[in-house]
Amino acid sequence: MGYRIAIAGGGLGGLTAALALSQGGHEVIVLEQAAAHRTAGAGIQLSPNASRILLRLGLGPALEGKVTATERSRFRHFRTGRTITEARLGAEAEGRYGAPYWQIHRADLHEALQTALANHPNVELRLGRPVSASAIKENEGRVTLSGVDGPVDLLLGADGIHSEVRRWCFGEAPARFTGQVAWRFLVPSEGLAPGLQARDSQVWWGPGKHFVHYPVDGGARINGVAVVEARAWTEESWALPGQAEDLRAAFQGWHPELQQLLERVTPEGLFQWGLFDRAPLPRWYRGPVVLLGDACHPTLPFLAQGAAMAIEDSAALALALKQAPTLADALPSYESWRRPRTARIQQLSRRYGWVYHLGAPLATFRNLAAPLARGTTMDWLYRYDVGDHIP
Ligand SMILES: Cc1cc2nc3c(=O)[nH]c(=O)nc-3n(C[C@H](O)[C@H](O)[C@H](O)COP(=O)(O)OP(=O)(O)OC[C@H]3O[C@@H](n4cnc5c(N)ncnc54)[C@H](O)[C@@H]3O)c2cc1C
């Protein structure tokens with residue numbers, strides 16, 4: 001039998017880790033603070049580096065019919081609608097990277113993971129169980145915490161950007177407001193312009209703002225994310241209700257196709273997020289307590305890689321525990337495999353935010369330079385397969 005492992009946080013990172021670790025023969029208890037799984041957050045893009053792991057974990061059949069294969073990633077001019085640059089995905093990406101590029105509703109991915117976990121005898125998912133830093137105790141190399149009977153060999157902190165487990169490991173360090181706020185919404189796609197219904201991931205670049213949309217629910221709805229610059233954000237919460245009029249006002253003067261999408265937005269299901277981040281952490285573990293996902297490398301959404309990195313972490317941790325003779329050997333290996341890549345992606349995501357929001361005259365240079373990349377810019381990112389990078 002493997003280790004006894006508690007996971008704080010049942011988000012996409014915690015649930016994927018629970019599946020990877022239980023398939024590796026470990027006993028897993030997931031403690032999620034929410035009493036029920038929330039679906040705020042709507043759509044998510046899963047690039048091939050993440051989809052290949054989900055397929056390997058056996059989720060293919062459960063995700064069939066829920067995912068939409070993205071045909072193109074398309075970048076457009078905010079006022080004229082002109083395509084500045086695009087990368088072909090679809091079958092081409094699958095051939096090139098060995099796995100598909102998908103769009104999916106987060107609730108569908110959660111459900112697929114939960115169903116797979118429910119069928120696994122080594123996993124227990126406990127809802128309504130917040131983990132607090134003050135209730136974590138280490139004793140002779142094992143960990144006790146409230147919500148779990150008896151000690152565990154390993155505590156995995158997958159509890160997001162405001163992680164209590166990270167606080168226990170490394171003390172207080174508030175996340176930094178990036179000066180950007182995101183709106184998210186879902187609207188029905190029926191009757192929208194064909195350009196809006198295309199199975200593309202579309203990003204509109206404008207000064208100080210950008211707008212992303214793509215279909216989910218097999219094309220029945222469009223998921224929209226609008227990011228604008230803002231001076232302050234006082235709420236620590238992920239999601240606050242947003243005002244549709246404020247969103248429309250922020251994108252006044254943008255292309256008519258986008259206005260059509262914005263006209264459909266209703267207050268129900270419109271949420272606003274302050275975007276926060278942290279500098280890359282120098283250490284990911286302390287004793288038998290280790291971190292994963294946004295808890296150790298919160299990543300701005302501009303490369304659509306935050307959840308993908310949490311999914312990659314899950315596969316890497318399961319592999320480290322399999323290969324290393326002891327936990328004390330496994331945790332440094334896991335950290336050293338993952339830290340450089342996630343730090344690079346954190347930094348690159350921040351830089352992309354800056355590039356997306358350029359105004360004249362730099363925007364003109366960006367628009368001329370972007371098509372020169374020839375769709376291969378993301379090869380290093382999407383081709384990545386955890387097992388190939390382990391010494
Ligand atoms: C607007 C936007 C768009 C994005 N789009 C994409 C995308 O297209 N593709 C992509 O890969 N990524 C995307 N991301 C990033 C992605 O959402 C996150 O990186 C990802 O959700 C991180 O997963 P996680 O499991 O580490 O953390 P979280 O999703 O934050 O999950 C943490 C879980 O822990 C629980 N929790 C918190 N505290 C405690 C506690 N004390 N005790 C117990 N449980 C606790 C929470 O309730 C939650 O369920 C986007 C992010 C944003 C904001």
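Since the structure is predicted, the reported quantities are computational estimates derived from the model, not experimental observations. (Residues numbered from 1 in each chain as written. Predicted model: local features only at pLDDT ≥ 70, side-chain atom pairs only at ≥ 80, totals over all residues. Heavy atoms only, no water.)

What follows deals with the overall build of the chain. Secondary structure assignment for the chain yields 13 helices and 19 strands. What you see for the chain is a C-alpha radius of gyration of 21 Å, in line with the 21 Å of a compact globule of 391 residues. Each principal axis of the C-alpha atoms in the chain carries an extent, and together these give about 65 × 45 × 35 Å. For the chain, the share of sequence-separated contacts (at least 6 apart) that also reach a separation of at least 24 residues comes to 76%. Total accessible area on the chain is roughly 16,300 Å²; 52% of this is exposed by carbon and sulfur atoms. Between the centroid of the 40 positive side chains of the chain and the centroid of its 37 negative side chains there is a distance of 6 Å. (Helix = DSSP H or I, 4+ residues; strand = E, 2+ residues; numbered from the N terminus. Rg over C-alpha atoms; globule rule 2.2 N^0.38 Å. Contact = heavy atoms within 4.5 Å. Areas by Shrake-Rupley, 256 points an atom, 1.4 Å probe, with all protein chains shown as cover. Lys, Arg positive; Asp, Glu negative; His and termini not counted. Charge placed at Lys NZ, Arg CZ, Asp CG, Glu CD.)

Before going further, it helps to spend a moment on a nonpolar patch on the surface. Residues Trp-354, Leu-362 and Phe-365 make up a contiguous nonpolar surface patch of about 380 Å² in total accessible area. Along the chain, the position of Leu-362 falls in helix α12 (residues 362-369). The partly exposed category is assigned to Leu-362, whose relative accessible area is 43%. (Patch = residues over 30% accessible without salt bridge, like charges linked within 9 Å, V, L, I, M, F, W, Y side chains within 5 Å. Salt bridge = Lys/Arg side-chain N within 4 Å of Asp/Glu carboxyl O. Buried < 20%, exposed > 50% of the residue type's maximum accessible area, 1.4 Å probe, protein only.)

This structure, assessed with the given rule, holds 0 disulfides. Distance from the sulfur of Cys-169, which forms no disulfide, to the nearest cysteine sulfur (Cys-296) is 9.8 Å. Assessed through its relative accessible area of 8%, Cys-169 is described here as buried. (Disulfide = S-S within 2.5 Å.)

Turning to the pairing of strand β11 (residues 154-157), a few remarks are in order. Covered by surrounding structure in β11 are Leu-154 and Leu-156 together with Leu-155 and Gly-157, the residues of both alternating faces. Pairing between strand β1 (residues 4-8) and β11: 4 bridges, direction parallel. Pairing of Ile-5 across the sheet is with Leu-154, part of β11. (Pairing = 2+ DSSP bridges.)

Of all hydrophobic cores here, the largest spans 73 residues; its most connected members are Ile-7, Leu-21 and Leu-155. Take this core: its biggest share by element is 10 residues, from helix α10 (residues 306-323). If we skip the residues at most four places from it in the chain, Ile-7 touches Gly-14, Ala-17, Ala-18, Leu-21, Val-28, Ile-29, Val-30, Leu-31, Leu-156 and Ala-158. Among the nonpolar cores identified, the runner-up in size contains 27 residues, and Phe-177, Trp-183, Ile-222 and Ala-226 belong to it. (Core = buried A, V, L, I, M, F, W, Y, C linked by side-chain atoms within 4.5 Å.)

With the rule as written, the count across this model stands at 20 salt bridges. In this structure, Asp-379 and Arg-96 form a salt bridge, with 3.0 Å as the shortest nitrogen-oxygen distance. Of the two residues, Asp-379 sits in helix α13 (residues 379-382) while Arg-96 sits in helix α4 (residues 90-97), which places them 283 residues apart along the sequence. Asp-379 gets classed as buried once you look at its relative accessible area, which sits at 13%.

Bringing the site of the ligand into the picture now. Contacts to the ligand come from 31 residues, most closely from Gly-13, Glu-32, Arg-106, Val-131 and Asp-294. One nitrogen or oxygen atom from the main chain of Gly-306 is found 3.3 Å from a nitrogen atom belonging to the ligand. Here Ala-308 contributes a backbone N or O atom positioned 3.0 Å from an oxygen atom of the ligand. In isolation the ligand exposes 1,000 Å². Once the protein is present, 92% of that is buried. At the level of secondary structure, the elements contributing two or more residues to the shell around the ligand comprise α1 (12-23), β2 (27-32), β3 (43-46) and α10. For the shell around the ligand, the residue count by class is 13 nonpolar, 11 polar and 7 charged. (Near = heavy atom within 4 Å. Polar contact = N/O pair within 3.5 Å; in protein donor to acceptor, adjacent residues only side chain to side chain. Nonpolar A, V, L, I, M, F, W, Y, C, P; charged D, E, K, R; others polar.)

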